[in-house]
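# Tertiary structure, described
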Amino acid sequence: MRDSLHRSRAALLSALLVVAACHPQPSAAPAPTAIVEPRDATRVAQAAAAAAFPSGWRFPVGVKPTEAEHAMVVSNSRLASEAGIEILRAGGNAVDAAVATGFALAVTYPSAGNIGGGGFMNIRMADGRSMTLDYREMAPLASSRDMYIDANGKLTNKSTVGYLASGVPGSVAGMSEALKKYGSFTLAQVMAPAIRLAEQGFMVDSQFARGIENSRRAITPFEGKAVFFPGGEAVKAGARFVQSDLARTLKLIAEKGPKAFYEGPIADSLVAEEQRGGGIITKEDLRRYKPEWRTPIKSTYRGYTLLAMPPSSSGGITMTETLNILENFAPLPPAGSVKYAHLLAESYRRAFMDRNSKLGDPAFVKNPLHQLTSKTYAKVLATQIDLNHASKTPAFETRAEGMQTTHYSVVDNMGNAVATTTTLNGGYGSGVWVRGGGFFMNNEMDDFAAQPGTPNMFGLVQGEANSIRPGKRMLSAMDPTIVLDPEGKLLMVTGAAGGPTIITATMEVILNVIEHHMTLADAMRAPRLHHQALPDALRYEPNGLSAAVVDSLKAMGHTVSSQNGLANVNSILRVPGGWHGVYEPRSVGGAVGY
Ligand code: GLY
């Protein structure tokens, strides 16, 4: 019965997508232009009829996605997406393109793209092999559980700003490892676009310039000010932005491999910078850093398969637990309704309570994966949901939020797929800029429970499982995800930036497609909701719920608060004849295909 329900829903989705699809002209060779625009927008609009946004909502339904027949790269920087496509057109595969995009983001999207941070990569090869790579930062060997607590027992801001805030970076080791195992090009080949962008510069647009100006307080206390605020002024729109130190660093990595970063001259610059500012990352920390291959969290939702990130990220488990709870109520109420918002909030609450208290780096903590991803456990949690009343979690004070992570999605013309999320944590990380190296350091130490029971910069209250230990990875929410259709074929590549909102936004975009039958363009534009157990509030985007729905949720006992721009998602969806790509409409980016 359930299987036939799944099959009929899958058939309905396929039918909608067929209606939505605009088949690009068949051609053996790639088209000369990067983007194939839909040829019949009215057909796309028919499928978009599945979406109905509340009045006053900022985005319309039925916007055109980027369509491509062969391959697609979607990231928060059009130049970085083009770097990935350049590699694909030259014959590289999705892993080659993902690494090219990652290094290019370090140049063109420096608030989050990085070589001084870390990330997670989720790879599914066309032959069905599936694996994830954890290149999360690690706590330095000289770190300790209470290093951010002052003599009065108060949590300081040193986990977010300045030299003590950084974990040992993993990005260079991770991207190099992915390329070595599953790529087909050399580091020098895939890094060529990033090196070119750093060396020759790129034209600053108004959003890039505004982003720098808005981050004056984060950047100018440190040495990056000379590059980003030459003469005291933020780089100007229309100027060519050249990063010579970064170009030299990237060339060294391209020529000598990751050792240049972890043991060679870049390590020297990094450690010298740490020592100048009272940081604790040493040569030994860098030398010991290793990325880890891990088995993806594999789950199902109504016949679809999700491949997601295991610890040291909480992303895959928390999304799986939430979807397993929701599956008990499927088919779900319409998006935008009171019932839907209530079910999401209550499911998120329960999954985040587990996340915040039980998960941590698997090298240090026994994560109850089996329990948290079990359908039986989810069924028990589902029965505890009162359909008419909100449950409660204890209240506490939150601190200001920031978020700067970035996600990118890649598919190639063979059907290989890569979902990658990478971050410095806050925008421009700790603010510390490595002299001579030309890059920012992360402030990922704040993702630990710096003082268990006290909220971090995302308001997350976490426990001992995620307390600081030397050599430990801080728990992440990053959730690069690959979705397979009920026949096991690649359907979606997606993921997000935004701390804990990563998990909820990624899941909602997936649900919008597979449960609410929206086109990808609508799924990405639909209003988002977020709940993370603590603070005990259901967050929605302004005008993303109607006033009547907000009133009803309050009457049910929910604390409801609005927040602009929940998360930053970049997604690809398979459609008949090719791919749809959509970058985050709430932010900047580029979907580029051929
Ligand atoms: N730095 C955000 C996260 O990893 O969840």
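Scroll up a little and you will see the structure.
Conventions used here
Residues numbered from 1 in each chain as written. Predicted model: local features only at pLDDT ≥ 70, side-chain atom pairs only at ≥ 80, totals over all residues. Heavy atoms only, no water. Near = heavy atom within 4 Å. Polar contact = N/O pair within 3.5 Å; in protein donor to acceptor, adjacent residues only side chain to side chain. Areas by Shrake-Rupley, 256 points an atom, 1.4 Å probe, with all protein chains shown as cover. Nonpolar A, V, L, I, M, F, W, Y, C, P; charged D, E, K, R; others polar. Helix = DSSP H or I, 4+ residues; strand = E, 2+ residues; numbered from the N terminus. Buried < 20%, exposed > 50% of the residue type's maximum accessible area, 1.4 Å probe, protein only. Pairing = 2+ DSSP bridges. Axes fitted to C-alpha atoms, helices over the stretch in contact; angles between N-to-C directions. Contact = heavy atoms within 4.5 Å. Salt bridge = Lys/Arg side-chain N within 4 Å of Asp/Glu carboxyl O. Expected span 1.5 Å × (residues − 1). Phe/Tyr/Trp six-rings, centres within 6.5 Å; stacked < 30°, edge-to-face > 60°.

## Overview of the site of the ligand
The environment of the ligand is formed by Arg136, Asn425, Glu444, Asp447, Phe458, Ser476, Ala477 and Met478. Taking Arg136, its side chain carries an N or O atom lying 3.1 Å from an oxygen atom of the ligand. Take Asn425: an N or O atom from its side chain is 2.7 Å from a nitrogen atom of the ligand. A total of 200 Å² of accessible area belongs to the ligand in isolation, and the protein chains cover 98% of it. Here the residues of the shell around the ligand sort into 3 nonpolar, 2 polar and 3 charged.

## Here's the deal with the environment of Ala496
The residue Ala496 is located in strand S16 (residues 496–497) in this model. For Ala496, a relative accessible area of 0% corresponds to the buried category. In this structure the C-alpha to C-alpha distance between Ala496 and Pro480, which are 16 residues apart in sequence, comes to 7.1 Å.

## So, the sheet that holds strand S14 (residues 481–484)
Across the sheet, which stays open at both edges, the 7 strands sit in the order S1-S22-S21-S15-S14-S9-S8 with antiparallel pairing between neighbours. A strand with exactly one partner marks an edge of an open sheet, and here the two such strands are strand S1 (66–68) and strand S8 (297–301). The average angle at which neighbouring strand axes cross in this sheet is 20°, direction not considered. In this structure, strand S21 (residues 571–575) lies alongside strand S22 (residues 578–582), joined through 5 bridges in antiparallel fashion. Note on S22: the bridge partner recorded for Ser571 is Val582. Across the sheet, helix H18 (residues 501–514) is in contact with S8, strand S9 (304–308), S14, strand S15 (490–494) and S21; its angle to S15 comes to roughly 150°.

## Focus on the pattern of salt bridges
Summed over all chains, the structure comprises 32 salt bridges. Two residues, Arg248 and Asp245, come together in a salt bridge whose shortest N-O distance is 2.8 Å. Of the two residues, Arg248 and Asp245 are both situated in helix H10 (residues 244–256); the distance of 3 residues between them amounts to about one turn of the helix. Assessed through its relative accessible area of 24%, Asp245 is described here as partly exposed.

## What about the pairing of strand S23 (residues 590–593)?
What you see with S23 is no split at all: Gly590 and Val592 on one side and Ala591 and Gly593 on the other are buried throughout. Pairing of strand S2 (residues 72–75) with S23, which is carried by 4 bridges, proceeds in the antiparallel orientation. Its bridge partner being in S23, Met72 is matched across the sheet by Gly593.

## Observations concerning H18
Here H18 is 14 residues long and its end C-alpha atoms lie 20 Å apart, about the 20 Å a rise of 1.5 Å per residue gives. The buried fraction of H18 is high, at 14 of 14 residues.

## Here we look at the packing of aromatic side chains
This model, assessed by the stated rule, comprises 13 aromatic pairs. Between the aromatic rings of Phe261 and Phe439, the centroid separation amounts to 5.6 Å while the plane-to-plane angle is 35°, which identifies the pairing as tilted. Of this pair, Phe261 sits in helix H11 (residues 259–262) while Phe439 sits in strand S13 (residues 439–440), placing them 178 residues apart in sequence. Among the residues examined, Phe439 registers a relative accessible area of 4% and is labelled buried.

## Looking at the environment of Pro576
Relative to the helices and strands, Pro576 resides in the loop between S21 and S22. Placed 507 residues apart in sequence, Pro576 and Glu69 show a C-alpha to C-alpha distance of 9.2 Å.

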